[in-house]
Amino acid sequence: MTATATRTAAEALADVLARENALLAAVDLAGAARMVQEKHAAAEAFAQASKVSPPERDAAARRLAHRLRALADENRALLERAIDVQRRVIGTIARAATVPSPSHRYGATGAATASRKVVPVALLARA
C-alpha cells in the first residue's frame, strides 16, 4: 500500500465516523448500531494501511489527521452519552415495572389495611 492508500483509508474512516456521529447526535441509536461493522472495517483498513505506509507529513495529511482525531473524540463523547441515555431509560422502565406488594394497601381513611389473599375469579358469559 502507498501513502495514497493510507490517506484514502483515513478519509473513509473519517466519513464513517462523521455519519455515525450525526446519528448519535440525533439519538438514533438503532441507526448508529447498524454502522458497527462498517466502522470496524474502516478502522481495520486504516490500521492496516498505516502499518504498510505511514501517513504523509504534509499539510493536507496533518489536516486529515486533525479531522480524524476530532471525529474520534466526538464519537467517544457521543457514545458515552448514548450509553448514559440507555442506562436512564432502562432505570425508568425498571422502576415503573416495580409492583408494590399487597402489604402496601391503604383504606379510605388512609390507614393500612390487612393484606388479603387475592382469589382468582373466572367469568363465563353465554349469549
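Cut-offs used in this document
- Residue indices begin from 1 for each chain and proceed along its sequence in written order.
- Thresholds applied to this predicted model are a pLDDT of at least 70 for local features of residues and 80 or more for the giving and counting of side-chain atom pairs; totals over whole chains, interfaces and linings are not thresholded and use all residues.
- For side-chain calculations, the full set of non-hydrogen atoms in the structure is used, while hydrogens and water are omitted.
- Every helix listed is a DSSP run of H or I at least four residues long, and every strand listed is a run of E at least two residues long, numbered separately from the N terminus.
- Each residue is placed in one exposure class: buried if its accessible area under a 1.4 Å probe, protein chains only, is under 20% of its type's maximum, exposed if it is over 50%, and partly exposed if it falls in between.
- When checking whether two residues touch, look at their non-hydrogen atoms; a contact exists if any pair is within 4.5 Å.
- Axis definition: a line fit to C-alpha positions, over the contact stretch in the case of helices; interaxial angles, taken between N-to-C directions, run 0 to 180 degrees.
- Oblique is the label for any angle not covered by the other classes, which are roughly parallel (under 35 degrees), roughly antiparallel (over 145) and roughly perpendicular (65 to 115).
- Throughout, a crossing is termed right-handed when the near helix is turned clockwise from the far one, and left-handed when it is turned anticlockwise from it by less than a right angle.
- Any residue that is not Ala, Val, Leu, Ile, Met, Phe, Trp, Tyr, Cys, Pro, Asp, Glu, Lys or Arg is counted as polar, Gly included; the first ten are nonpolar and the last four charged.
- When a carboxyl oxygen of Asp or Glu is within 4 Å of a side-chain nitrogen of Lys or Arg, the pair counts as a salt bridge.

1. Quick look at the overall build of the chain
Along its length, the chain carries 4 helices and 0 strands. Start at the N end of the chain and walk to the C end: the helices and strands fall as α-α-α-α. Each of the 127 residues in the chain was classed as buried or not, and the buried ones make up 20%. Of all intrachain contacts in the chain linking residues separated by at least 6 positions in sequence, the fraction that spans at least 24 positions is 69%.

2. Quick look at unusual backbone geometry
If you check the backbone angles, V27 has positive phi at about 55° while not being a glycine. Turning to its location among the elements, V27 is positioned in the loop between α1 (3-25) and α2 (29-33). V27 gets classed as partly exposed once you look at its relative accessible area, which sits at 44%.

3. Overview of the packing of α1 against helix α3 (residues 36-52)
α3 packs onto α1 with a crossing angle of 155° between their chain directions and a minimal axis gap of 8 Å. As summarised for this structure, α1 and α3 are arranged roughly antiparallel, according to the angle between their axes. Two packed elements cross with a definite hand, and for α1 against α3 that hand is left-handed. Between α1, through A5, T6, A9, A10, L13, V16, L17, R19 and E20, and α3, the contact on the second element is made entirely by E38, K39, A42, A43, A45, F46, A49 and S50. Tallied by class, residues from the contact of α1 with α3 come to 11 nonpolar, 2 polar and 4 charged.

4. Thoughts on the environment of A9
Inspection of the secondary structure puts A9 in helix α1. Between the alpha carbons of A9 and A49 there is a distance of 7.0 Å; along the sequence they are 40 residues apart. With residues up to four places along the chain from it excluded, the contact list for A9 reads A45, F46 and A49.

5. Structural notes on the pattern of salt bridges
Counted by the stated rule, this structure contains 7 salt bridges. Put simply, R19 and E38 hold a salt bridge, and the shortest N to O gap is 2.4 Å. Placement of R19 in helix α1 and of E38 in helix α3 is noted, with a sequence separation of 19 residues between them. Residues joined in a network through salt bridges with shared partners are D15, R19 and E38.

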